[in-house]
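A look at the structure
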Amino acid sequence: MNARNIVLDQYSAKIYKNRKEHIMEVTEETKTQPIAANTRTVPGIITNRGCCYAGCKGVVLGPLKDVLVLTHGPIGCGFYSWGTRRNKAKAEDGRNFIEYCFSTDLQEPDIVFGGEKKLRQAIDEAMKIFNPKCIMICSTCPVGLIGDDIHAVAAEAEKEYGISCMAFSCEGYKGVSQSGGHHIANNTVMRRIIGTGDVQPTKKFRINILGEYNIGGDGWEQERILKRIGYEVVAVFTGDGSYDALSKSHTAQLNLVQCHRSINYIAEMMKTKYGIDWIKVNFVGLEAIIRSLRDMAMYFGDPELSARTEEVIADEMAGIAEAKDYYFSKLKGKTAALFVGGSRAHHYQKLLADFGVKTVLAGYEFAHRDDYEGREVIPTIKEDADSKNIEHIEVEKDPDKYQAFLTAEQYELLKSKIQLEDYYGMIPEMENGSIVVDDLNQFETDEFIKLLKPDIFFSGVKDKYQIQKAGVVSKQLHSYDYSGPYAGFTGAINFARDVTMGIYTPAWGLVTAPWKNKSVLKAKLAGG
Ligand code: CFM
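Described in the following lines is the structure provided in the data block. All values derive from a computational prediction rather than experimental measurement.

A look at empty space enclosed by the protein
- The tally for this structure, following the rule as stated, stands at two cavities of 30 Å³ or more.
- As a volume, the largest cavity reaches approximately 50 Å³.
- Taken together, Asn-18, Arg-19, His-22, Thr-39, Arg-40, Thr-41, Val-42, Ile-45, Arg-49, Asp-438, Asp-439 and Asn-441 make up the full set of residues lining the largest cavity.
- Grouping the amino acids of the lining of the largest cavity by side-chain chemistry returns two nonpolar, five polar and five charged.

The structure is reproduced here in structure tokens:
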């Protein structure tokens, strides 16, 4: 029996029926089958997912350094999301609210009598002490339940103080995970900020990076490489991001999408409203970065830019060659499990492969089917007078399906320019025999560790210690455990160094997994 069935068979009939749709063993046959994703977690199962508020406030809005993000709710929500995501930011005009936690600290009487008064007070206080140009109010669960009109309070504050004040009804319970929160944040950022600023474009190659949150300094490393080549980075959404930069982002010529899951909404809306093309990129993993840089150069179709791109790639690769070989020799043949939010399990498989590490299990907390199955948007060359124009076509993973959208010539041109395989989602890129799990839970984590025995398990803080108690080193791929950056060329080496240190630490061999302490009979009954 394969690992998938061994785990599923331990469930009751009802849970089995649900979970079997979320767990897949990759084979030639299953590769083209759908996986259930973005659905409600079975109540009672210990999931690693976050909430709508986490996706809105924590993920998309939180990194904006010159915006005062105010959590309207009991203090726990603000406290728990305080500084835990490691989105780094440098102050530009002396204003950096990143290190603060602002909350209305709702108490029982406010829940009973309404919390709007307290919200107004908090805004007054924030204006007196910090005088921000923009306040964003984020609701947590109880606020939605008692019905505070945060949008009305925001409108009043705009009038009274002449600032920009936006309200986000991102109560935690909305939707099935943090994914709904991304969407809520994206909509308001698009409606209220993008396009409000003014700037005279100076440089030729102006780009935005979407879905890059500067965890551990990833965004800075990407900007360094892009600037070396000659790009102007207009705005990063939203790592080390600012209201000002976002307001001018409509003046860019191309949007790069790093994390598709959290920000594809803005990429699409900017395409519709401003005609800005977008392409998926991946700055995690050496091969992936090189491919992304070449695609960008191809988009602009400028020979000088292409030459400069190749120069920078060669130089960066030469700079890390020795370290790369060393870590490859240490890591080759190791195996990894990856369970992250909605895009990193895909991206980091590429980086692991650069060092000879095979991914035996991968999964997402809240990805949608397109993230798994590889329904992708790829750039295609449009046949018109200016052949550099690029049109987007939604592509299913079955190549025959997109062929129908294109003329034979376009199809051939496309194939010659871009290796489509590289743009597929997570599942089509995985080796046969590996396991894919959506919304992995605590029970399944233990079970798959027993069966697959990965050398390292990449995940988050909620399950890190559970994994380490089983004798497997766990590295956080959300926060990087206080390390990073992991994106870019030098980032790849940082990553390989940390992974090597983790795997070669002798401590893991000294840990006895909890199931190994069970009596033989009990262990047998428990399937251990
Ligand atoms: Fe995108 Fe992210 Fe991720 Fe995400 Fe996240 Fe994150 Fe993540 Mo944690 S935006 S989907 S909601 S890449 S916070 S920076 S690491 S779960 S895989």
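Topic: the sheet that holds strand E4 (residues 134–139)
- Here four strands make up an open sheet; going across it, the order is E3-E2-E4-E5 and the pairing parallel. Since the sheet does not close on itself, it has two edges, and those belong to strand E3 (102–103) and strand E5 (164–168), each with one partner.
- Note: strand E2 (residues 68–72) against E4, five bridges, orientation parallel. What sits directly across from Val-69, in E4, is Met-136.
- Contacts from helix H8 (residues 150–161) reach E2, E4 and E5, with the element oriented near 175 degrees to E5.

As for helix H9 (residues 179–192)
- Look at H9: 21 Å from first C-alpha to last across 14 residues, which is about the 20 Å you get at 1.5 Å a residue.
- When H9 is considered as a whole, its buried residues turn out to be Ser-179, Gly-181, His-182, Ala-185, Asn-186, Thr-188, Val-189 and Met-190.
- Contacts made by the buried residues of H9 are with helix H3 (52–61), E5, strand E7 (232–238), helix H11 (243–247) and helix H12 (260–274).

Structural notes on the pairing of strand E9 (residues 277–280)
- Residues Asp-277 and Ile-279 of E9 are buried on one face, and the alternating residues Trp-278 and Lys-280, pointing to the opposite face, are buried as well.
- Of the strand pairs in this sheet, strand E8 (residues 254–257) and E9 are connected by four bridges, and their pairing is parallel. The residue bridging Val-257 from the neighbouring strand is Lys-280, located in E9.
- In this view, the connection linking E8 to its parallel neighbour E9 by way of H12 has right-handed handedness.

Regarding H3
- H3 sits mainly inside the fold: nine of its 10 residues count as buried.
- Taken residue by residue, H3 has Cys-52, Tyr-53, Gly-55, Cys-56, Lys-57, Gly-58, Val-59, Val-60 and Leu-61 as its buried positions.

Some details on the site of the ligand
- Residues in contact with the ligand amount to 14 residues; listed here are only the nearest, Arg-85, Cys-259, Gly-341, Ser-343 and His-478.
- Here the shell around the ligand is composed, by residue class, of six nonpolar, six polar and two charged.

Examining the pattern of salt bridges
- In this structure the tally under the stated criterion is 35 salt bridges.
- The closest approach of N and O atoms between Lys-358 and Glu-431, which form a salt bridge, is 3.7 Å. In this pair, Lys-358 sits in strand E11 (residues 358–364) while Glu-431 sits in the loop between helix H18 (408–417) and strand E14 (435–438), placing the two residues 73 residues apart along the sequence.
- According to the relative accessible area criterion, Lys-358 is partly exposed, its value standing at 35%.
- One salt-bridge network, held together by shared partners, links Asp-66, Asp-93, Arg-95, Lys-133 and Asp-244.

Describing the environment of Ser-292
- Here Ser-292 is to be found in helix H13 (residues 286–300).
- With relative accessibility at 3%, the residue Ser-292 sits in the buried group.
- Separated by 44 residues in sequence, Ser-292 and Ala-336 have C-alpha atoms that sit 24 Å apart.
- What Ser-292 contacts, discounting residues up to four positions off in sequence, is Val-281, Asn-282 and Phe-283.

Quick look at the nonpolar core
- The biggest cluster of nonpolar side chains holds 101 residues, and the ones touching the most others in it are Met-136, Ile-207, Leu-226, Tyr-231, Leu-256 and Leu-293.
- Among the elements that line this core, the one with the most residues is H13, at eight residues.
- The contact partners of Tyr-231, leaving out residues within four places of it in the chain, are Lys-203, Phe-205, Ile-207, Leu-226, Leu-293, Met-296, Ala-297, Phe-300 and Leu-305.
- By size, the runner-up hydrophobic cluster in this structure holds 20 residues, among which are Leu-68, Leu-70, Phe-102 and Ile-150.

Rules of the game
- Residues numbered from 1 in each chain as written.
- Predicted model: local features only at pLDDT ≥ 70, side-chain atom pairs only at ≥ 80, totals over all residues.
- Heavy atoms only, no water.
- 1 Å grid on protein atoms, 1.4 Å probe; cavity = no way out; pocket = protein on both sides within 12 Å on 5 of 7 lines; lining within 4 Å.
- Points joined across faces, edges and corners; volume = space filled by probe spheres on them.
- Nonpolar A, V, L, I, M, F, W, Y, C, P; charged D, E, K, R; others polar.
- Pairing = 2+ DSSP bridges.
- Helix = DSSP H or I, 4+ residues; strand = E, 2+ residues; numbered from the N terminus.
- Contact = heavy atoms within 4.5 Å.
- Axes fitted to C-alpha atoms, helices over the stretch in contact; angles between N-to-C directions.
- Expected span 1.5 Å × (residues − 1).
- Buried < 20%, exposed > 50% of the residue type's maximum accessible area, 1.4 Å probe, protein only.
- Right-handed = clockwise from strand over helix to strand, strands pointing away.
- Near = heavy atom within 4 Å.
- Salt bridge = Lys/Arg side-chain N within 4 Å of Asp/Glu carboxyl O.
- Core = buried A, V, L, I, M, F, W, Y, C linked by side-chain atoms within 4.5 Å.

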